[in-house]
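Descriptive analysis of the structure
If you want the building blocks of each chain, they are given just below.
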Amino acid sequence: MSRVKIYFKGYANRNIQRNFDDYMSYLFHKKVNELFIGTDYEDFKFFTFSGFRIEKGLINFVVSSVSNEFLRMMVSAFVMGESIIFNKSKLEIVKVEFLPRPIHGSDEASFITASPIFLANCIVMDNLGDILEDLLIDNFCEYFNREKGQLYCDFYSRHNHYGTYSEESEDFRNYYYNIDIVMKGSPELIAFAYDVGLGNNNNQGFGMLDIY
């Protein structure tokens, strides 16, 4: 297990708004931070989550992490009564699905973004893959307390990158990518990318990958 699909009840159609997904991402990230204050997972950043969907009156989304204990503790907190307040509506957990882990020691995988890859305050020209590799290896080594050693990975896309950016300065920008991407390299890095995501700010709902 490295993922759970969560369903919340309590959503009302009157609450729909243009920035629904952004607002829900903010509220969920804030709630997770609150849940783990004073625990070993306070300020934990090695997780990510998908966009939020509304189906048959329920909100559903997927949370992914390298730590199964983190996922179980998070789910347990909601099962025990924790909720999210969205536009005065109390969102409570109604269903949880623990999803199988399809990554098993492969040195190549095809992914598609389940939430945009975010790159903060940088310059992207023809070096997107290099930036993603550096960030991923840094996160991997931080989590596992390891040296870089022989870790490596390469990225390429079958299609043109679909990216948008917002200007931060004349030289540095924030980038958002919704793309399909093929990753080759160290199997442990590929598995980590699937669990935690690519890019910056994964724990705010960026960079989650699905098998393509």
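What you are looking at is a predicted structure, and each value in this text was computed from that prediction instead of being measured. (Residues numbered from 1 in each chain as written. Predicted model: local features only at pLDDT ≥ 70, side-chain atom pairs only at ≥ 80, totals over all residues. Heavy atoms only, no water.)

**Focus: the nonpolar core**
Phe28, Val63 and Met74 are the most contacted members of the largest nonpolar core, which totals 62 residues. Beyond its immediate chain neighbours, meaning those up to four positions away, phenylalanine 28 contacts Phe49, Phe52, Phe61, Val63, Met74, Phe78 and Ile84. (Core = buried A, V, L, I, M, F, W, Y, C linked by side-chain atoms within 4.5 Å. Buried < 20%, exposed > 50% of the residue type's maximum accessible area, 1.4 Å probe, protein only. Contact = heavy atoms within 4.5 Å.)

**Quick look at the packing of aromatic side chains**
With the rule as written, the count across this model stands at 29 aromatic pairs. Ring centres 6.0 Å apart and planes at 65° place the aromatic pair phenylalanine 49 and phenylalanine 52 in the edge-to-face group. Summarising the burial analysis for this pair, phenylalanine 49 and phenylalanine 52 share the class buried. Plain terms: the ring middles of phenylalanine 118 and tyrosine 176 are 5.0 Å apart, the flat faces sit at 35° to each other, and that makes the pair tilted. With phenylalanine 118 in strand β8 (residues 117-122) and tyrosine 176 in strand β11 (residues 173-177), this residue pair connects regions lying 58 residues apart in the sequence. The exposure class of phenylalanine 118 is buried, given its relative accessible area of 7%. Three or more aromatic residues joined by ring pairs form one cluster here, namely Phe36, Tyr41, Phe44, Phe46, Phe47, Phe70, Phe140, Tyr143, Phe144 and Phe192. Between the NZ or CZ atom of lysine 95 and the centre of the ring of tyrosine 7, over which it lies, the distance is 5.0 Å. (Phe/Tyr/Trp six-rings, centres within 6.5 Å; stacked < 30°, edge-to-face > 60°. Helix = DSSP H or I, 4+ residues; strand = E, 2+ residues; numbered from the N terminus. Lys NZ or Arg CZ within 6 Å of the ring centre and 35° of its normal.)

**Things to note about unusual backbone geometry**
Even without a glycine there, the phi angle at asparagine 87 is positive, about 50°. One non-glycine residue, asparagine 201, lies in the positive phi region at around 55°. Among the structural elements, asparagine 201 can be located in the loop between α4 (187-196) and β13 (209-211).

**Topic: the side chain of lysine 5**
Take lysine 5: it is sitting in strand β1 (residues 3-9). Lacking a salt bridge, the buried lysine 5 has glutamate 97 as its closest oppositely charged neighbour, with an N-O distance of 5.0 Å. (Lys, Arg positive; Asp, Glu negative; His and termini not counted. Salt bridge = Lys/Arg side-chain N within 4 Å of Asp/Glu carboxyl O.)

**Some thoughts on the confidence of the model for the protein chain**
Averaged over the protein chain, the pLDDT score is 89; the fraction of residues at 70 or greater is 90%. Here strand β10 (residues 163-167) stands out as the least confident element of the protein chain, with mean pLDDT 57; strand β2 (residues 47-49) is the most confident, with 98. (pLDDT = per-residue confidence, 0-100.)

**A few points about the pairing of strand β9 (residues 153-156)**
Residues Cys153 and Phe155 of β9 are buried on one face, while the alternating residues Asp154 and Tyr156, pointing to the opposite face, are not. Pairing geometry for β9 and strand β12 (residues 180-185), over four bridges, is antiparallel. The partner of aspartate 154 across the bridge, within β12, is lysine 184. (Pairing = 2+ DSSP bridges.)

**Some remarks on α4**
α4 sits mainly inside the fold: eight of its 10 residues count as buried. Phi turns positive, to about 100°, at glycine 197, one or two residues after α4.

**Description of the environment of phenylalanine 111**
Tracing the backbone through its elements, the reader meets phenylalanine 111 in strand β7 (residues 108-113). Since its relative accessible area comes to 1%, phenylalanine 111 is described here as buried. In this structure the C-alpha to C-alpha distance between phenylalanine 111 and valine 182, which are 71 residues apart in sequence, comes to 6.0 Å. Discounting residues that sit within four places of it in the chain, phenylalanine 111 has contacts with Ile103, Ile179, Asp180, Ile181, Met183, Ile190, Tyr194, Leu209, Asp210, Ile211 and Tyr212.

**Considering the pattern of salt bridges**
A complete count under the given rule lists nine salt bridges for this structure. With a closest N to O distance of 2.9 Å, aspartate 210 and arginine 3 form a salt bridge. Remark: arginine 3 occurs in strand β1 and aspartate 210 occurs in strand β13; sequence separation between them is 207 residues. Accessibility expressed as a relative area gives 2% for arginine 3, which makes it buried. Measuring nitrogen to oxygen at the nearest pair gives 3.3 Å for the salt bridge that ties lysine 95 to glutamate 97.

**A few points about the side chain of serine 2**
By secondary structure assignment, the location of serine 2 is in the segment before β1. The buried category is assigned to serine 2, whose relative accessible area is 1%. Among the polar contacts listed, one links the side chain of serine 2 to the side chain of aspartate 195, at a separation of 3.1 Å. Once you skip the residues sitting within four places of it in the chain, serine 2 turns out to touch Val63, Ser64, Ser65, Asn68, Leu71, Leu99, Arg101, Tyr194 and Asp195. (Polar contact = N/O pair within 3.5 Å; in protein donor to acceptor, adjacent residues only side chain to side chain.)

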